[in-house]
Amino acid sequence: MQIEFAAPLWQWQVRTDSWWFVTVPPDHSDELADLPLPPRGFGSIRVRVTVGTTTWTTSVFPSDSNGGYVLPMKKKVREAEKLVPDKPVQVTLETIDV
């Protein structure tokens, strides 16, 4: 499954030293939640992500407080793509192992 969306970059307030995320929109989060996946830690789903010219492999994680899945954004990606807090990030996300 491949999805594309834009969502703002935000910082996790519990650990402000390094954790930044983009929240997968509710409709796409629902699609991800419905996938028949092998069990993984924390309910995570392995994905291949592209933002701008940067592609990497990571996982999205369910988040009750954010109402869907959240995508961690590495510092290396944020710097390479010049991502700015609270500004929309254009994301292409493809599930792995489905």
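Heads up: the structure comes first, above all this text.
Since this is a predicted model, take the numbers as computed values, not measurements.

(A) Broad picture of the sheet that holds strand β3 (residues 45–51). Pairing within the closed barrel is antiparallel, and its six strands lie in the order β1-β2-β5-β4-β3-β6. Each strand axis lies, on average, 45° off the axis of its neighbour in the sheet, ignoring direction. Helix-sheet contacts for helix α1 (residues 26–33) involve β1 (2–11), β3, β4 (54–63), β5 (68–72) and β6 (88–95), and the interaxial angle to β1 is about 115°.

(B) Representation of the layout of surface pockets in the model. Reported here for the largest pocket is a volume of approximately 240 Å³. Along the walls of the largest pocket sit W10, W12, W19, F21, F61, P62, S63, S65, N66, V70 and P72, which together make up its complete lining. Residue assignment for the lining of the largest pocket shows that the elements contributing at least two residues are β4 and β5. Ranked by the residues each element gives to the lining of the largest pocket, the list is headed by β4, at three residues. Residue composition of the lining of the largest pocket, by class: eight nonpolar, three polar and no charged.

(C) How the structure looks around unusual backbone geometry. Of note in this structure, K82 is not a glycine but carries a positive phi near 55°. Here K82 is to be found in the loop between α2 (75–80) and β6. Positioned with a positive phi, D86 is a non-glycine residue whose angle comes to about 70°. Here D86 shows up in the loop between α2 and β6.

(D) Quick peek at α1. What α1 keeps buried is the set H28, S29 and L32. Down the axis of α1, the buried side of the element spans an arc of 105°, and every buried residue falls inside it. Tucked into the core, α1 has its buried residues touching β1, β3, β4, β5 and β6.

Procedures and definitions
- Residues numbered from 1 in each chain as written.
- Predicted model: local features only at pLDDT ≥ 70, side-chain atom pairs only at ≥ 80, totals over all residues.
- Heavy atoms only, no water.
- Pairing = 2+ DSSP bridges.
- Helix = DSSP H or I, 4+ residues; strand = E, 2+ residues; numbered from the N terminus.
- Axes fitted to C-alpha atoms, helices over the stretch in contact; angles between N-to-C directions.
- Contact = heavy atoms within 4.5 Å.
- 1 Å grid on protein atoms, 1.4 Å probe; cavity = no way out; pocket = protein on both sides within 12 Å on 5 of 7 lines; lining within 4 Å.
- Points joined across faces, edges and corners; volume = space filled by probe spheres on them.
- Nonpolar A, V, L, I, M, F, W, Y, C, P; charged D, E, K, R; others polar.
- Buried < 20%, exposed > 50% of the residue type's maximum accessible area, 1.4 Å probe, protein only.
- Arc of directions from axis to C-beta.

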